[in-house]
Amino acid sequence: MMSSVVISAAAITSCKEGVAPAIPTDKAVEAKVEEVLKGMSLEEKAGQLVQLTISTLEDETREALDPAKLDKIIGEYKVGSILNVMHDRAHPRAHTAAMVRQIQEKSMEAIGIPCIYGLDMIHGASYINEGSLYPQEINLGATFNREFARQMGHAMAYETRASQVPWVFSPVMDLGRDPRWPRIWESFGEDPYLQAEMAREETVALQGGDPNHIDLEHVAVSIKHFMGYGVPVTGKDRTPAIIAENDLREKFFAPFLECFRAGALTAMVNSASINGIPTHANAVLLSGWVKEQLGWDGMLVTDWADIDNLFQRDHVAADKKEAVAMGINAGIDMIMDPYSPECCTTIIDCVKEGLISRERLDDAVRRVLRLKVRLGLFDNPVWDKEYPEFASAEFAAQSYRAAVESEVLLKNDGVLPLKGTERILVCGPNANSLRTLNGGWSYTWQGSADDYVPQYNTIKEALEKRFPGKVSYVPGVVYEGKNWQNDVGKGISDVVSAARKADVVVCCVGENTYCETPGNMDDLNLSANQKELVKAVAAAGKPVVLVLNEGRPRLIGDIEPLAKAVVDVMLPSNYGGDALAALLAGDENFSGKLPFTYSKHINALHTYDYKVSEHRETMEGSYNYDAVMDVQWPFGFGLSYTKFEYGNLRCHSERSEESHFTASDVLKVSVDVKNVGERAGKEAVLLYSSDIVASLIPDVKRLRGFEKVALEPGETKTVEFELPASALAFVGADGRWRLEKGDFRISCGGLGVMVGCTETKVWETPNI
Ligand code: BGC
C-alpha cells in the first residue's frame with residue numbers, strides 16, 4: 001500500500017480541493033511569498049532548499065565567523081538556512097545573537113532573503129549557557145500535567161527568540177515504545193494520546209496562537225521525527241522499523257496529526273525506514289498523508305545528512321543526484337546537508353535535467369519562504385527587543401515544580417519519607433552528577449551540564465543541604481571517560497563499610513548521558529557493576545532507597561527486591577536533585593506516574609496496550625484472560641505518601657443520559673476521587689477504554705483522557721471527561737477508521753463501567 005511514490009499535483013499545491021487547510025491560508029502571507037518568488041533565480045531557489053551546519057562558517061578559533069566563508073556559502077551558494085551551535089557547545093545568548101545577526105546581515109545584503117536559523121532546543125534553551133532548562137520530555141510525560149508542557153514551551157520560545165533564533169527542532173514526539181531505543185527520554189512516553197496532548201500544548205506554547213504571524217516571543221516548531229522512528233526492530237537508533245499500516249495511522253501518526261492541526265509550521269523526517277522504505281523517500285507519507293490529506297502548507301526538513309543516507313546507507317538511490325531528486329520529489333522541502341553547500345549545485349542540476357520539475361521546485365521554495373514570512377523575518381531579520389524574563393526566577397520555579405511532579409515513587413516499604421534523624425549514606429555513579437540529571441541535549445549534544453552550571457545541586461548536594469551533618473558520600477561505581485557505557489567499580493567495599501555506619505543508603509544508579517546513536521547498547525539490564533553495588537550495600541543490612549536516574553527503563557528485576565524504596569527520577573534536569581531531596585524528606589509529595597511500561601524481562605518488552613494473547617499463560621498452559629503482563633511496573637504506576645480512593649464512575653451519552661451511544665455522540669464520564677490519607681497530594685486520574693469485540697484484535701486498553709487534581713486530606717473532587725465516541729474508533733485492516741457496534745469498558749482508578757455502541761461507522765476520510 002505504501003509503495004506507490006508517484007507525486008500528485010495535489011501534493012504540490014498547498015491544499016487539496018475539499019480539504020480545509022491545516023494552517024489557515026493568509027492572503028498577505030501568500031502575496032509576499034509570490035512577490036519574492038517571482039524575482040528569484042534558479043540558484044537562489046536552490047539555496048533556499050539547503051541547510052548547513054554552523055561549523056561550515058566558523059573561523060579557525062571556532063568562536064567567530066569567517067567572512068570568506070560567509071561570502072562563499074551565503075554570497076555564492078545562497079544557502080537559506082543554518083543550524084547548530086559553534087564549536088559544538090552552548091554559548092551565552094549574546095554570543096549566539098551576535099553570530100545570527102552577522103549571518104542575517106550577510107543574507108539580506110547578498111540575497112535579500114533572510115536566513116532561517118534553527119537549534120535543537122529540547123528541554124528549554126538547551127544550547128544557551130544561562131538559559132532555563134526543564135525536565136526532559138519523558139519527565140513531563142510522567143507529570144500527566146499539561147501545564148508543564150505549556151510552561152516549558154513558553155520559556156523555550158522566549159529564550160530562543162532572545163538569542164535571535166526563530167526556529168526550534170522540538171517537540172520530539174516519537175512514541176517511546178521500545179525501551180532499548182536510545183531516544184525514548186526525548187519523548188513524552190509510549191502512549192499516542194499522552195504524546196499528542198503534551199506535544200500539542202508545547203507546540204501552541206512555542207508558536208503562540210497564530211501560526212501565520214509568529215511574534216517576537218515565539219518560534220516555529222519542527223515536530224519530529226516524522227514518523228515511526230521510535231520502534232526500530234533492532235532497538236538501535238536509525239535502523240529499520242516494521243509497522244503495520246493500521247498502527248501507523250492509529251498510533252504513530254496521531255501525535256503528529258494533533259500538532260499539524262494545531263498549526264505546527266515544520267516537521268523533521270525520520271532518519272530511518274518503515275517497511276523497507278526510507279522515510280525520506282516515502283512520497284505516500286510525506287506528500288500524501290501530510291501535505292495532500294491535511295492540506296498542510298508547512299515545510300518538511302530532512303534530518304542530519306539523510307539524503308546522503310538514501311544512497312550511502314540504504315542503497316535506494318545510486319548517487320547523490322538521484323537521492324536529492326528522490327527526496328525532493330517525495331516531499332522534502334529543505335535538505336539538512338550539514339557540510340555540503342555543493343548540494344545547491346546538485347539541486348540545480350536536478351532541475352536542469354528534469355529530475356525535479358520546476359513546479360515541485362517552486363512549491364518547496366514557497367514553503368520555505370512562507371515559513372520565513374510567517375516568522376516575520378522579512379520585516380525583522382534581526383530584532384531589538386528586551387527579554388526581561390530571560391532565565392527568570394519564575395522559569396526556575398516552574399522547572400523545580402515540574403521535577404517534583406515527575407519523579408516517580410515506585411516502591412515504599414515505609415522507609416520514606418525520611419525522618420530527618422537518620423545518618424544517610426549516598427552512593428552510586430549518579431549521586432553527584434548534574435550531567436546525568438539532565439541527560440543529552442543539555443548544553444552539548446551528548447550532555448555536559450557539570451561543565452556549565454555547577455551552581456545547581458546534584459542529588460548528593462541537595463541531600464546535604466536538606467539534611468545538614470547527616471550525609472556521607474562514597475560513590476562505589478563511577479563513569480569513566482565520556483562514554484555512557486563505561487562504568488567501573490571503585491571501592492565498593494568502602495561503600496559497604498560506610499553503609500554499616502549509616503541508617504539508610506540512598507543508592508543512585510542508572511545511566512550516564514547519551515543522545516542518538518552513541519546511546520545504542522546491547523543489554524538493557526542495568527550494568528553489572530551497578531547491580532553489584534546494590535547487592536553489596538543491601539547485604540550490609542541497611543535499608544536501601546534505590547534512585548534510578550536513567551533515560552530508559554534499565555532492567556532491575558534481580559535487585560529491586562533488595563530495595564526498601566525505589567524512585568525513578570529519569571532526567572529531571574537542574575532542579576532534579578532539590579526535588580528529590582524535598583520528596584525524600586516529605587516536604588513535597590510524589591505525584592508522578594510512569595509514562596511507559598517498566599519491563600522486567602528482556603524477552604518480555606511490552607507496552608500497556610498489548611493484545612490479550614500476550615497475557616502470561618496459566619500453569620495449565622491455557623490463556624488466563626484476567627492475568628496481566630509480568631512487568632516490573634505498569635504504565636501509569638506511581639505511589640504517593642497519601643492514598644486516593646475512586647468511586648462512582650459514571651459514563652453516559654451526552655444526548656440520552658443512557659449507557660448506549662452512536663458514533664456522533666459525546667460520552668460524559670465522571671469519577672469521584674477522594675484523598676483518604678493524611679497528607680495533601682496530587683493524583684493523575686487516567687481514563688481508559690477497552691473495545692470488547694472488534695474486527696481487528698483489540699488492544700486490552702487505551703488511554704483516552706487524563707487530568708491532574710490536587711486534593712487535601714479528606715477532600716473529594718469529581719473529575720469529568722468528555723469523550724467523543726469517535727475517540728473509541730480504531731483503524732481497520734483496510735486502513736480506514738471504524739467504530740464498531742458492541743460493548744466498551746470505560747475504566748478509571750480500578751473501576752469500570754460498560755457502555756454500548758449501537759452502530760458501526762466507517763469513515764471515508766483518512767483522518768477523523
Ligand atoms: C537528530 C535530530 C536533530 C538534528 C539536528 C539529528 O542527528 O536526529 O533530532 O534535530 O540532528 O541537530
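Residues numbered from 1 in each chain as written. Predicted model: local features only at pLDDT ≥ 70, side-chain atom pairs only at ≥ 80, totals over all residues. Heavy atoms only, no water.

(A) Summary view of the overall build of the chain. On a plain count of helices and strands, the chain comes out with 21 helices and 29 strands. A compact globule built from 768 residues would reach a C-alpha radius of gyration of about 27 Å, and the chain, at 26 Å, matches this within 12%. Considering only C-alpha atoms, the chain reaches an extent of 75 × 65 × 45 Å along its principal axes. For the chain, buried positions account for 63% of its 768 residues. Once the 79 positive and 109 negative side-chain charges of the chain are each reduced to a mean point, those two points are 2 Å apart. (Helix = DSSP H or I, 4+ residues; strand = E, 2+ residues; numbered from the N terminus. Rg over C-alpha atoms; globule rule 2.2 N^0.38 Å. Buried < 20%, exposed > 50% of the residue type's maximum accessible area, 1.4 Å probe, protein only. Lys, Arg positive; Asp, Glu negative; His and termini not counted. Charge placed at Lys NZ, Arg CZ, Asp CG, Glu CD.)

(B) Representation of the sheet that holds strand β16 (residues 504-510) in the model. The strand order β11-β18-β17-β16-β12-β13 describes an open sheet built from six strands, whose pairing is mixed. Because the sheet does not close on itself, it has two edges, and the strands there are β11 (408-412) and β13 (471-473). Strand after strand, the sheet turns through a mean of 20 degrees between neighbouring axes, direction not considered. Relative to strand β17 (residues 544-549), β16 runs parallel, the two sharing six bridges. Within β17, the position partnered with C508 by the bridge is V547. Contacting β12 (424-427), β16 and β17, helix α20 (residues 528-539) runs over the sheet at an angle of about 170 degrees to β16. (Pairing = 2+ DSSP bridges. Axes fitted to C-alpha atoms, helices over the stretch in contact; angles between N-to-C directions. Contact = heavy atoms within 4.5 Å.)

(C) Structural view of the nonpolar core. Formed by 178 residues in total, the largest nonpolar core has its most connected members in I103, F253, F260, I347 and L546. If sequence neighbours within four positions are ignored, F253 has contacts with F226, M227, L248, F260, W289, V290, L294 and N767. (Core = buried A, V, L, I, M, F, W, Y, C linked by side-chain atoms within 4.5 Å.)

(D) Broad picture of the site of the ligand. Around the ligand sit L83, D120, F169, R183, K224, H225, R238, M268, D303, W304, M336 and E516, and those are all the residues in its vicinity. In the environment of the ligand, an oxygen atom lies 2.9 Å from a nitrogen or oxygen atom belonging to the side chain of K224. At 2.6 Å from an oxygen atom of the ligand is found a side-chain nitrogen or oxygen belonging to D303. For the ligand, whose unbound accessible area comes to 310 Å², protein coverage reaches 95%. Grouping the amino acids of the shell around the ligand by side-chain chemistry returns five nonpolar, one polar and six charged. (Near = heavy atom within 4 Å. Polar contact = N/O pair within 3.5 Å; in protein donor to acceptor, adjacent residues only side chain to side chain. Areas by Shrake-Rupley, 256 points an atom, 1.4 Å probe, with all protein chains shown as cover. Nonpolar A, V, L, I, M, F, W, Y, C, P; charged D, E, K, R; others polar.)

(E) Unusual backbone geometry, seen in detail. Between S170 and the following residue, P171, the backbone shows a cis peptide bond with an omega angle of -10 degrees. Checked against the element boundaries, P171 lands in the loop between β4 (167-168) and α8 (192-207). Omega for the bond connecting K224 with H225 falls within 30 degrees of zero, at 0 degrees, which places this linkage in the cis form. Here H225 is to be found in strand β5 (residues 222-226). Residues other than glycine seldom take positive phi values, yet N84 does so here, at roughly 85 degrees. Summarising the element assignment, N84 is placed in the loop between β2 (81-83) and α5 (93-110). Its identity is not glycine, yet R238 carries a phi of approximately 60 degrees, on the positive side. Position of R238 among the secondary structure elements: in the loop between β5 and α9 (245-261).

(F) Fine view of the sheet that holds β2. If you walk across this open sheet you meet the five strands as β4-β3-β2-β1-β10, and the pairing is parallel. The strands lining the two open edges of the sheet, one partner per strand, are β4 and β10 (335-336). Strand direction decides the pairing type here: β2 and strand β3 (residues 116-119), joined by three bridges, are parallel. Following the sheet pairing, L83 is matched in β3 by G118.

(G) The packing of helix α18 (residues 459-466) against helix α21 (residues 576-585), seen in detail. The N-to-C vectors of α18 and α21 enclose an angle of 45 degrees; their axes lie 8 Å apart at closest approach. The angle between α18 and α21 falls in the class oblique. Regarding α18 and α21, the two cross each other, and that crossing is right-handed. For the pair α18 and α21, the contacting residues are I459, A462, L463 and R466 in the first and G577, D578, L580, A581, L584 and A585 in the second. Class assignment for the residues of the contact of α18 with α21 results in seven nonpolar, one polar and two charged. (Parallel < 35°, antiparallel > 145°, perpendicular 65-115°, else oblique. Left-handed = near helix turned anticlockwise from the far one by under 90°.)

(H) Up close: the pattern of salt bridges. Tallying each qualifying case throughout the model produces 64 salt bridges. In this structure, E588 engages R401 in a salt bridge whose closest nitrogen and oxygen atoms are separated by 3.3 Å. On the criterion of sequence distance, the pair formed by E588 in the loop between α21 and β19 (644-653) and R401 in helix α15 (residues 393-406) is long-range, its members being 187 residues apart. Residue E588 is classed as buried on the basis of its relative accessible area of 16%. In this structure, E464 and K460 form a salt bridge, with 3.3 Å as the shortest nitrogen-oxygen distance. Here E464 pairs with K460, and both are found in helix α18, just four residues apart, close to one helical turn. Residue E464 is classed as partly exposed on the basis of its relative accessible area, which comes to 30%. Salt bridges here are not isolated pairs; linked through shared partners, they connect R146, E147, R150, E197, R200, E201, E258 and E707. (Salt bridge = Lys/Arg side-chain N within 4 Å of Asp/Glu carboxyl O.)

(I) Local environment of the state of the cysteines. By the definition in use, this model includes zero disulfides. For the unlinked cysteine C508, the closest cysteine sulfur is that of C507, found at 6.8 Å. Residue class for C508 comes out buried when judged on its relative accessible area of 0%. Of all cysteine sulfurs in the structure, the one in C651 sits closest to C748, which takes part in no disulfide; the separation is 11 Å. (Disulfide = S-S within 2.5 Å.)

(J) Representation of the side chain of E560. Take E560: it is sitting in the loop between β17 and β18 (565-568). Excluding residues within four positions of it along the chain, E560 makes contact with K411, Q632 and W633.

(K) Representation of the packing of aromatic side chains. Scanning the entire structure with this criterion turns up 23 aromatic pairs. Each ring, one from W167 and one from F169, has its centre 5.0 Å from the other, and the planes form 75 degrees; the classification is edge-to-face. As far as burial versus exposure is concerned, W167 and F169 are alike and both buried. An angle of 15 degrees between the planes, with centres 5.2 Å apart, marks the rings of Y443 and Y452 as stacked. Of the aromatic side chains, those joined through ring pairs into one cluster are F144, Y193, Y608, F635, Y688 and F706. (Phe/Tyr/Trp six-rings, centres within 6.5 Å; stacked < 30°, edge-to-face > 60°.)

(L) Here's a closer look at the pairing of strand β22 (residues 681-691). Taken across its eleven residues, β22 has ten buried, putting it largely inside the fold. As judged from the nine bridges shared by β22 and strand β23 (residues 702-711), these two strands associate in the antiparallel manner. Paired with A684 across the two strands is K708, which belongs to β23. Bridge analysis of β22 against strand β27 (residues 742-748) gives five bridges, and the strand direction is antiparallel. From the neighbouring strand, D691 faces β27, where its bridge partner is F744.

(M) Just the environment of E30, in detail. Summarising the element assignment, E30 is placed in helix α2 (residues 27-38). Classification of E30 as buried rests on a relative accessible area of 16%. C-alpha of E30 to C-alpha of A68: the two residues are 38 residues apart in sequence and 35 Å apart in space. Setting aside its immediate chain neighbours within four residues, E30 contacts T25, D297 and R370.

(N) Up close: α20. The terminal C-alpha atoms of α20, which comprises twelve residues, lie 16 Å apart, in line with the 16 Å expected from a rise of 1.5 Å per residue. Those residues of α20 that are buried lie in contact with β12, β14 (476-479), β15 (487-490), α19 (492-500), β16 and β17. A positive backbone phi angle near 85 degrees is found at G541, which sits one or two residues after α20. (Expected span 1.5 Å × (residues − 1).)

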